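One-letter residues, chain by chain:
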Amino acid sequence: MAVVSSAHSAIFSKTSLFHHINGFKRFSSCLPFSSSAAASLSSKKKWRQPVASSVLELGGIKIAKDDVVRDDPTNNVPDTIFSKLGMQLHRRNDHPIGILKNGIYEYFDTNYPTKFDKFDDLCPIVSVKQNFDDVLVPADHVSRSYNDTYYVDSQTVLRCHTSAHQAELLRRGHTHFLVTGDVYRRDSIDSTHYPVFHQMEGVRVFTPDIWEGSGLDPTSYAAEDLKKSLEGLARHLFGAVEMRWIDAYFPFTNPSYELEIYFKEKWMEVLGCGVMEQEILKSNGRLDSVAWAFGLGLERLAMVLFDIPDIRLFWTTDERFTSQFSEGQMGVKFKPFSKYPPCYKDMSFWINESFTENNLCEVIRGIAGDLVEEVSLIDNFTNKKGMTSHCYRIAYRSMERSLTDEEINNLQWNVREQVQKKLNVVLR
Ligand code: PHE
């Protein structure tokens, strides 16, 4: 279900827990993660093609494909997701995601010289405890469901937000940090949703000597500092824009806010943030402190800053895309290369109780990969017998070339077959 108009808003801001049907082995070798502050790959290197091999190196740890993709009911990670695990777009200095990361680093380095520790290679395979429990996500929160999150096994997930690293970094004594990484969420398919995207988390801890004498209580002090810092960041990225603060909800912060900016005649959500729940600080050795935290989605901002119309473009190795960006060039406008025609195919079926749109989209992506641009529900009815039919329109379009009728017909044929088989629905 697409919940936002622009790439990935925070699922944690959803208060309703019961909309969706439904709801991880310990990679101790991933922890403690080897994180180099601001480590970056040489930007001169040619971008890597998607991994064909079945062993990845993440944060200095070797991960085999069958560590992550298993034929087991507690595992819902498809091959297509495994192939994204080592890509690390955020560590390429000449990729829009890496350029934006560096632009945000620049803001914090200028305003708080040498203060913020930077992490951008923490292992994306984390425990349920790190991803959810440590940041107080309730046991029945929708984000924990198999429908929304990729589970490696019942105790291990692909992180669905960079907040998964807050607790450990606090425990390790960090008081100012930025964590950038790839995050994974099961979702529907359209131009702003992709099952892998990138987030940056920021945390700043204040000790009593800092707020004492300010005349403010610690929470108000942290909230004011948070708003000032993030307004500065938004101006650094977007220039003199109008901004507003919206009250929000996250399990890990209180109070919580979203920052919106007025950009191209629309209010746009830039990030989620708030004053860290005291319990997180207390559990991680910071009993006397307060802290603020924020999380922002890099694709969402990069799409706006660089005029990138489709989230799939971030993953293309087509030189007509890659050659348009270079290190340090924030906000260079992307010039679309010719747009190839879309081809639409509809399919109708009777759904069953366990049917979800995320599962459908996963099957379709498993077959058509990035050739699928959008999947939309165009008809939905329930007959007298109580059977519900859904009709989905699939838009196929390559960003790189024209697709032949034969190719699309083959894809659609496979989609129909697999949807029927894997989702147990009855085609009409
Ligand atoms: N982790 C939140 C999300 O992905 C964003 C966030 C981070 C909000 C830190 C508040 C504080 O939805």
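Just so it is clear, the model here is predicted, and its values are computed rather than measured.

Novice: Describe the packing of helix α3 (residues 96-111) against helix α7 (residues 218-238), and please don't skip the residues or the numbers.
Specialist: Contact pair α3 / α7: the axes reach a minimum separation of 10 Å and the direction vectors enclose 130 degrees. Classed by the angle they form, the pair α3 and α7 counts as oblique. Handedness of the crossing formed by α3 with α7: right-handed. Taken together, the residues of α7 that come into contact with α3 (itself represented by L100, G103, I104, E106, Y107 and F108) are K228, S229, G232, L233, H236 and L237. A breakdown of the residues in the contact of α3 with α7 according to their chemical character gives six nonpolar, four polar and two charged.

Novice: Any details on the pairing of strand β7 (residues 176-184)? Residues and values, ideally.
Specialist: Counting buried positions over the nine residues of β7 gives nine, a clear majority of the element. Both β7 and strand β8 (residues 196-206) contribute to a ladder of nine bridges, which runs antiparallel. When the bridges of β8 are listed, L178 appears paired with G202.

Novice: Account for the nonpolar core, naming residues and giving values.
Specialist: The biggest cluster of nonpolar side chains holds 74 residues, and the ones touching the most others in it are V68, F108, L158 and F238. Contacts of V68, omitting those with residues within four sequence positions, involve I63, N75, V77, F82, L85, I125, V152 and L158. Core analysis: the second largest hydrophobic core is formed by 26 residues, I11, F12, C160 and V179 among them.

Novice: So, the side chain of H390: which residues are in play, and what are the values?
Specialist: Here H390 lies in strand β15 (residues 388-396). The exposure class of H390 is buried, given its relative accessible area of 9%. There is a polar contact of 3.1 Å between the side chain of H390 and the side chain of Y392.

Novice: Quick one: what's the story with the sheet that holds strand β5 (residues 151-153), residue by residue and with numbers?
Specialist: Taken in spatial order, the three strands make up an open sheet running β4-β6-β5, and their pairing is antiparallel. Each edge of the open sheet carries a strand with a single partner, namely β4 (125-127) and β5. Taking each pair of neighbouring strands and ignoring which way they run, the sheet shows an average axis angle of 35 degrees. Strand direction decides the pairing type here: β4 and strand β6 (residues 156-158), joined by three bridges, are antiparallel. By the bridge assignment for β6, I125 is matched with L158.

Novice: If you had to explain the packing of α3 against helix α9 (residues 298-305) to someone new, which residues and values would you point to?
Specialist: Across the interface, α3 lies against α9 with an axial gap of 10 Å and an inter-helix angle of 100 degrees. When the interaxial angle is binned, α3 and α9 end up roughly perpendicular. Where α3 abuts α9, its residues I97, L100 and I104 lie against L298, E299, L301, A302 and L305. Split by residue class, the contact of α3 with α9 holds seven nonpolar, no polar and one charged.

Novice: Let's hear about the side chain of R204: which residues, and what values?
Specialist: Within the element layout of this structure, R204 appears in strand β8. A relative accessible area of 13% places R204 in the buried class. Of note is the side chain of R204, whose polar atom sits 3.3 Å from the side chain of D225. Ignoring sequence-local partners within four residues, the contact set of R204 consists of Y112, F116, T175, H176, D225, V290, A291 and W292.

Novice: Run through unusual backbone geometry, naming residues and quoting values.
Specialist: Following N254, the chain continues to P255 via a peptide bond in cis, the omega torsion being -5 degrees. With respect to the helices and strands, the residue P255 is situated in strand β10 (residues 253-263). One non-glycine residue, T114, adopts positive backbone phi at about 60 degrees. Looking at where T114 falls in the secondary structure, it is placed in the loop between α3 and β3 (117-119). Even without glycine at this site, K264 takes up a positive phi of about 50 degrees. Among the structural elements, K264 can be located in the loop between β10 and β11 (266-276). Classification of K264 by relative accessible area gives exposed; the value is 55%.

Novice: Now, about the packing of aromatic side chains: what can you tell me, with residues and values included?
Specialist: In total, this model carries 24 aromatic pairs according to the counting rule given. On the numbers, 5.1 Å between centres and 85 degrees between planes, the contact of Y107 with F108 is edge-to-face. Ring centres of W245 and Y257 lie 6.0 Å apart, and the angle between their planes is 75 degrees; on these two criteria the pair is classed as edge-to-face. Residue W245 is found in strand β9 (residues 242-250), and its partner Y257 is found in strand β10; the two are separated by 12 residues along the sequence. The partly exposed category is assigned to W245, whose relative accessible area is 22%. Joined through ring pairs, the aromatic side chains of Y107, F108, Y112, F116, W292 and F294 make up one cluster. One Lys or Arg, K84, reaches over the ring of W315 and ends 5.3 Å from the middle of that ring. Looking at K227, its charged tip hangs above the ring of Y257, at a distance of 4.1 Å from the centre.

Novice: Tell me what's going on with the confidence of the model for the chain, and back it up with residues and numbers.
Specialist: Mean pLDDT over the chain stands at 89; residues scoring 70 or higher make up 89%. Taken together, the stretch residues 1-5 has pLDDT below 50 and engages in 14 contacts with residues farther than four places along the chain or on a different chain.

Novice: Lay out the pattern of salt bridges with the relevant residues and their values.
Specialist: Inspection of every chain in the model, using the stated rule, returns 19 salt bridges. Linking D310 and R312 is a salt bridge whose minimum nitrogen-to-oxygen distance equals 3.1 Å. D310 sits in the buried class, given a relative accessible area of 8%. A network of salt bridges, in which partner residues are shared, links D310, R312, E373 and R397.

The rules behind these values
Residues numbered from 1 in each chain as written. Predicted model: local features only at pLDDT ≥ 70, side-chain atom pairs only at ≥ 80, totals over all residues. Heavy atoms only, no water. Axes fitted to C-alpha atoms, helices over the stretch in contact; angles between N-to-C directions. Helix = DSSP H or I, 4+ residues; strand = E, 2+ residues; numbered from the N terminus. Parallel < 35°, antiparallel > 145°, perpendicular 65-115°, else oblique. Left-handed = near helix turned anticlockwise from the far one by under 90°. Contact = heavy atoms within 4.5 Å. Nonpolar A, V, L, I, M, F, W, Y, C, P; charged D, E, K, R; others polar. Buried < 20%, exposed > 50% of the residue type's maximum accessible area, 1.4 Å probe, protein only. Pairing = 2+ DSSP bridges. Core = buried A, V, L, I, M, F, W, Y, C linked by side-chain atoms within 4.5 Å. Polar contact = N/O pair within 3.5 Å; in protein donor to acceptor, adjacent residues only side chain to side chain. Phe/Tyr/Trp six-rings, centres within 6.5 Å; stacked < 30°, edge-to-face > 60°. Lys NZ or Arg CZ within 6 Å of the ring centre and 35° of its normal. pLDDT = per-residue confidence, 0-100. Salt bridge = Lys/Arg side-chain N within 4 Å of Asp/Glu carboxyl O.

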